[in-house]
Amino acid sequence: MTAPLKHANADPITLDVALGERAYEIVIGRDVLNSLGARVAGLRPGARTAIVTDRTVARHWLEKTEASLTQAGISTSHVVVEEGEGSKSYAGLERVSEALIAARIERNDLVVALGGGVVGDLAGFAAAILRRGVDFVQVPTSLLAQVDSSVGGKTGINSPQGKNLLGAFHQPVLVVADTSVLDTLSPRQFRAGYAEVAKYGVLGDEGFFAWLEANQGDLFKGGAGREYAIATSCRAKAAIVARDERETGDRALLNLGHTFGHALEAATGFSDRLFHGEGVAIGMVLAAQLSAQLGMIAQVDAARIERHLAEVGLPTHLKDIAGFAQEGLADADALMALMAQDKKVRRGRLTFILLEAIGRAVISADVEPVLVRDFLKAKLAEPA
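Residues numbered from 1 in each chain as written. Predicted model: local features only at pLDDT ≥ 70, side-chain atom pairs only at ≥ 80, totals over all residues. Heavy atoms only, no water.

Asks: Explain the overall build of the protein chain here, please?
Replies: Within the protein chain one finds 13 helices and eleven strands. Expected size for 384 residues packed as a compact globule is a radius of gyration near 21 Å; at 20 Å, the protein chain falls within 12% of this value. Counting over 384 residues, the protein chain shows a buried share of 57%. Considering only residue pairs separated by 6 or more positions, the protein chain has 75% of its internal contacts joining residues 24 or more positions apart. About 15,400 Å² of surface is accessible on the protein chain, with carbon and sulfur atoms providing 50% of the total. Measuring between centres, the 40 positive side-chain charges of the protein chain sit 3 Å from its 46 negative side-chain charges. (Helix = DSSP H or I, 4+ residues; strand = E, 2+ residues; numbered from the N terminus. Rg over C-alpha atoms; globule rule 2.2 N^0.38 Å. Buried < 20%, exposed > 50% of the residue type's maximum accessible area, 1.4 Å probe, protein only. Contact = heavy atoms within 4.5 Å. Areas by Shrake-Rupley, 256 points an atom, 1.4 Å probe, with all protein chains shown as cover. Lys, Arg positive; Asp, Glu negative; His and termini not counted. Charge placed at Lys NZ, Arg CZ, Asp CG, Glu CD.)

In structure tokens form, the structure reads like this:
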């Protein structure tokens, strides 16, 4: 993929998620948050809004978001949750749901999810169950949310037994991805989001992966490639979602790296010891290495994936995780038990997303658990 880069301050990029009567737009560009109020007013005249956000995002972007809505004549309120996966819980869902009820958000109103993947999942799920369904708008403020979790309608919370085990498919009516908000992310948060960008190249577009290898420095510095990479990622996801909204087929490919990654997140207590994107990075490397062990992908290509993720500073080995030696993380059987709670389990059998080549992922439901256990044991035994 060698398309010329567009200037970072070019007109916003607008993509369509083609879902018939439930189709919606993704708007990508610098400072597009200023247009949120006008877009909401045009989409839903007379609606009230309630913003769900977290403390860190609120400090940077709540006032600007409220101002955009107010200037468009839209009444708004807000609820602020704690940052991090801990808010994607029963308690977090109760807090947000009760706040939305208290704000008298009705079926013709809108919930606005202003934040990263945690806020988007939590606010979207609350909207899905509030009065049996209220529409919502995604305003993703992390790279991970802009390229992945804000698009496609997956919402939910975590169970102590596993990641995203409670939720609903509930599509947003609009996604507004302002790339200027990414300037406030920590380097670690941005890197974690980059794992999901790389994922789109690894699973379905070798040309895009090669482009990332050549241009990742510009993307990290906020150069002209940032909007291009985000739009390319969103375009890839939108196409898959349009074909398979409820993950009965191709959409499972988007879970590349997630079966391993979600188990690692659960083993670390959904804490900041391992961000979601970091778990996905390690999971992609493990999926590539397992694919190579099965003779599906060349070892040189598996090594190429690992090398690129390591070059941008992402963890690529189990022992890169903080507190690796703690019980449950350095135990193959414990990790297997956590993977057994994965949403893709069918009749007790794990479904893995494996690789035949960079840019060609496949769904495999016939990998023997004993093989996976032995593979994990070997990886855990590798020197740091």
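Structure's up, so let's keep going.
Asks: Help me out: how do you make sense of the nonpolar core in this one?
Replies: A general feature of soluble globular proteins is that nonpolar side chains tend to end up buried together. Counting 78 residues, the largest nonpolar core has I28, V137 and Y194 as the members making the most contacts within it. Excluding anything up to four places from it in sequence, V137 contacts L36, V40, L110, V111, V112, A113, V173 and L174. Among the nonpolar cores identified, the runner-up in size contains 24 residues, and I282, L290, V367 and L376 belong to it. (Core = buried A, V, L, I, M, F, W, Y, C linked by side-chain atoms within 4.5 Å.)

Asks: Just checking my understanding: could you explain the pairing of strand β3 (residues 49–54) for this structure?
Replies: Residues in a regular strand project their side chains so that they alternate between the two faces of the sheet. Burial analysis of β3 places six of its six residues in the buried class, which makes it a mostly covered element. In β3, alternate side chains face the same way, and those of T49, I51 and T53 on one face and A50, V52 and D54 on the other are all buried. Since β3 and strand β4 (residues 76–81) lie parallel, the crossover through helix α2 (residues 55–71) that links them has a hand, and here it is right-handed. With five bridges joining them, β3 and strand β5 (residues 110–115) adopt parallel strand pairing. Paired with I51 across the strands is V112, a residue of β5. (Right-handed = clockwise from strand over helix to strand, strands pointing away. Pairing = 2+ DSSP bridges.)

Asks: How do you make sense of the sheet that holds β3 when you look at a structure like this?
Replies: Strand pairing within a sheet occurs via backbone hydrogen bonds; the two strands may be parallel or antiparallel. Strand order across the open sheet formed by seven strands is β1-β2-β9-β6-β5-β3-β4, with mixed pairing between neighbours. Here the strands that pair on one side only, and so sit at the sheet edges, are β1 (13–17) and β4. Here the strands of the sheet are splayed against their neighbours by 20° on average, with no regard to which way each runs. Inspection of the sheet shows strand β6 (residues 135–140) paired to strand β9 (residues 174–178) by two bridges, in the parallel sense. Paired with V137 across the two strands is L174, which belongs to β9. Packing against the sheet, α2 makes contact with β3, β4 and β5, and its axis sits at approximately 160° to β3. (Axes fitted to C-alpha atoms, helices over the stretch in contact; angles between N-to-C directions.)

Asks: Looking at this structure, how should I read the packing of helix α6 (residues 187–204) against helix α10 (residues 276–293)?
Replies: For any two helices packed against each other, one specifies the crossing angle of their axes together with the interaxial distance. Interhelical geometry of α6 versus α10 gives an angle of 40° and a closest axis separation of 7 Å. As far as their axial angle goes, α10 and α6 are oblique. Where α6 crosses over α10, the two elements pack in a sense that is left-handed. Side by side, α6 and α10 meet where R188, A192, A195, E196, K199 and V202 of the first sit next to H276, G277, E278, V280, A281 and M284 of the second. The class makeup of the residues in the contact of α6 with α10 is six nonpolar, two polar and four charged. (Parallel < 35°, antiparallel > 145°, perpendicular 65-115°, else oblique. Left-handed = near helix turned anticlockwise from the far one by under 90°. Nonpolar A, V, L, I, M, F, W, Y, C, P; charged D, E, K, R; others polar.)

Asks: Would you mind going over the side chain of E196 with me for this structure?
Replies: Structurally, the position occupied by E196 is in helix α6. What makes E196 buried here is its relative accessible area of 0%. A distance of 3.2 Å separates a polar atom in the side chain of E196 from a polar atom in the side chain of H258. Engagement of the side chain of E196 in a polar contact is seen with the side chain of H276, the distance being 3.2 Å. Among residues more than four places away in sequence, those in contact with E196 are L144, V147, D148, H258, H276 and V280. (Polar contact = N/O pair within 3.5 Å; in protein donor to acceptor, adjacent residues only side chain to side chain.)

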